[in-house]
Amino acid sequence: MDLFRNIYRWPFRSLANQLLVTYLLVITIALFAVSLWALFMIKSESINDLRNSLEVEAVNLGLEIDNDLALDSLAAKNRVKAAVDRHASKLNVAITVVNSDGHVLADSGANVSFGRGENISNQSEINDALAGIVAIYTRRSSSTKTNWFYVAYPVRAAGKTAGVIRVGVPLTNIEQRLRHDLIVFLEIIVATGIVTVLISLWLAKRVNRPMQEMSAMAKKIARSGDISEFVPVLRRDEIGELGLSFNQMIGRLREQERLRQEFIANASHELKTPTMAIGSVVSALQAGAGEDATLRNQFLSSLERLVERQTSLLSDLLDITRLDAALERVSQDKVSVGQLINDAVEQVRAQAQKKNLELEIQANTDHLMVLGNAIQLQRALVNILTNAVNFSPADSIVSVFTKLPDSDHVQIKIEDNGPGIDPADLPHIFERFYRADKARSRASGGSGLGLAITLEILARHHGTVEAESTLGKGAVFTVTLPLSKEDELGARMPSSV
């Protein structure tokens, strides 16, 4: 039972086995069908040729003996007998001649006494021929145990059937030829099967090798996490494309691993810096600095700022981790664009007032709606507004206004009058922990994660964020979000509000 089970399972154990079995079955079935068709056609053509030759012989004999068939005399019978024997020996066939009553007049295989021939009109081919039909019949001889093929030809005289000439021949030669041809076809099928197996094994190995390499590579990555190697790609077909895709995946994993290690290093550094500063302040207080009221207040204020920075950094790290892991589902609530802008501005208003900054809102968008999570979208705008407030000079203006680039999207633009962003830094400001002005960013308490969080939030809402800046003239951040599909009012609004 186990042997049969193993045999049954063998074709499904590998792609090579499946290809081998498939090719072998298809070619064997096709060759077998062609062989059967060829044998049938050979037999049909052989029988047809045999029939034609026997019918011609019967016609020739009939032309020779037609007059004698009508004569009821011993001389006529002898002439018929002589003609039958001559034609039978010439072609090595069996010939029987019967009269109009179905009695045998002459038989090449036996001597028939005059007027005593057997009546064989009950035989099918004789009966049909007496009716005027050229009859074809195959019968198995009980005495010789062979199959015989007969053609019965009616001989007509004076407008009626005077007798029948039956010419028969054993089918031994044709059957031997068919058996020989069948053996040849079977040999061809076996030889083709062997060649097919060899070709299939070679082809399957060629196809299966890169698959095995990719499988081994995937197992290695799953087992050890080693992504230092690529799969060799030497083909330009679908298997080669799969190999290229696999290598692209490995490259992507390498990039993700690089970013992960960089993120861990940056996060560790960012956490280490305020922690060490807090330790220094605590050490100074323990060393006696706390006895001086002025120094104590300075150190406590510094400690408070460091704790706030540490708390903000931890909050940013948790947020970016949740976004990466997609732990927070993006809800599909309708969010008012106007309310979103107002709530974000109110969150940074106290910070702006410390620098006597004016927060100017130029939007009338209460009727515009977007789908998403209001808290996350608000966080994205607050991050941009916080940067605008931090880097804008005192007594300046931070403007927020909206624009409709088309009927399906809304743009929220935040413009400041700060120092601007260097063109070399502009492509990198949305990268994690990137700071265009590192010293200034640390002074302002930035973690370098705010804009990265904004980018991730907007991406999850099918939106984008872009920045434009000219040194010395401030920066403009443009947030683009898709409008709610049910909000048809936006399509009729002017391009700027």
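Everything here concerns the structure above.
Summary of the structure given here. (Residues numbered from 1 in each chain as written. Predicted model: local features only at pLDDT ≥ 70, side-chain atom pairs only at ≥ 80, totals over all residues. Heavy atoms only, no water.)

Let's talk about helix α5 (residues 172-224)
So the rule is basically this: Only DSSP runs of H or I reaching four residues or more are called helices, and only runs of E reaching two or more are called strands; each is numbered from the N terminus. One less than the number of residues in a helix, times 1.5 Å, gives the span that helix is expected to have. Here the bend at each residue means the angle between axes fitted to two seven-residue stretches, the one ending at that residue and the one beginning there.
Between its first and last C-alpha atoms α5 spans 74 Å; for 53 residues at 1.5 Å apiece the expected length is 78 Å, and the two agree. At N208, α5 is bent by approximately 35°, the largest bend along its length, and proline P210 sits one to four residues beyond. Where α5 ends, the next residue or the one after it, G225, has phi of about 75°, a positive value.

Let's talk about the pattern of salt bridges
To be explicit about the condition: Put simply, a salt bridge is a Lys or Arg side-chain nitrogen that is within 4 Å of an Asp or Glu carboxyl oxygen. Only protein chains enter the accessibility calculation, which uses a 1.4 Å probe; a residue whose area is less than 20% of its type maximum is buried, one above 50% is exposed, and one in between is partly exposed.
Following the criterion strictly, the structure yields seven salt bridges and no others. A salt bridge links R166 to E125, with the nearest nitrogen and oxygen atoms 2.8 Å apart. Of this pair, R166 sits in strand β5 (residues 160-170) while E125 sits in helix α4 (residues 124-130), and the two are 41 residues apart along the sequence. On the basis of relative accessibility, which here comes to 10%, the residue R166 falls in the buried class. In the salt-bridge network here, residues are joined through shared partners; they are E125, R139 and R166.

Notes on the packing of helix α9 (residues 374-391) against helix α11 (residues 450-460)
Heads up, the condition is: Working convention: axes come from line fits to C-alpha atoms, limited for helices to the stretch in contact. Angles between N-to-C directions cover 0 to 180 degrees. In a left-handed crossing the near helix is turned counterclockwise from the far helix by less than a right angle, and in a right-handed crossing that turn is clockwise. Contacts are assigned to residue pairs with any non-hydrogen atoms lying within 4.5 Å of each other. Charged residues are taken to be Asp, Glu, Lys and Arg, nonpolar residues to be Ala, Val, Leu, Ile, Met, Phe, Trp, Tyr, Cys and Pro, and polar residues to be all remaining types, Gly included.
Direction vectors running N to C along α9 and α11 enclose 150°, while the axes themselves pass 9 Å from each other. Both α9 and α11 take part in a crossing whose hand is left-handed. Residues Q376, L377, R379, A380, N383, I384 and N387 of α9 form the contact with α11, whose participating residues are G450, L451, I453, T454, I457, L458 and R460. Along the lines of polarity and charge, the residues of the contact of α9 with α11 split into seven nonpolar, five polar and two charged.

Thoughts on the sheet that holds strand β11 (residues 464-469)
The condition that has to hold: By the convention used here, strands pair only if DSSP detects at least 2 bridges between them.
Spatially, five strands are ordered β7-β9-β10-β12-β11 in an open sheet, and the strand pairing comes out mixed. Two strands in the sheet have a free side with no partner beyond their single neighbour: β7 (358-362) and β11. Each strand of the sheet is rotated relative to its neighbour by a mean of 20°, with strand direction disregarded. When strand β10 (residues 409-415) meets strand β12 (residues 475-482), the two strands line up antiparallel, connected through seven bridges. Bridged to H409 within β12 is P482. Taken strand by strand, α9 contacts β7, β9 (397-406), β10, β11 and β12, and its axis lies near 25° from that of β10.

A short note on the packing of aromatic side chains
To keep it simple, the criterion reads: For this analysis, a ring pair means two rings from Phe, Tyr or Trp (six-membered ring only for Trp) whose centres lie within 6.5 Å, classed as stacked if their planes differ by under 30 degrees, edge-to-face if by over 60, and tilted for the remaining angles. Definition used: whenever NZ (Lys) or CZ (Arg) falls within 6 Å of the ring centre and also within 35 degrees of the ring normal, the charge is taken to sit over that ring.
One pass over the structure, following the stated rule, counts two aromatic pairs. Note on W148 and Y150: the rings are 6.1 Å apart at their centroids and 15° apart in plane angle, and the pair reads as stacked. The ring of Y150 carries the charged tip of R166 above its face, separated from the ring centre by 4.7 Å.

Note that all results are geometric; they support no functional claim without further evidence.
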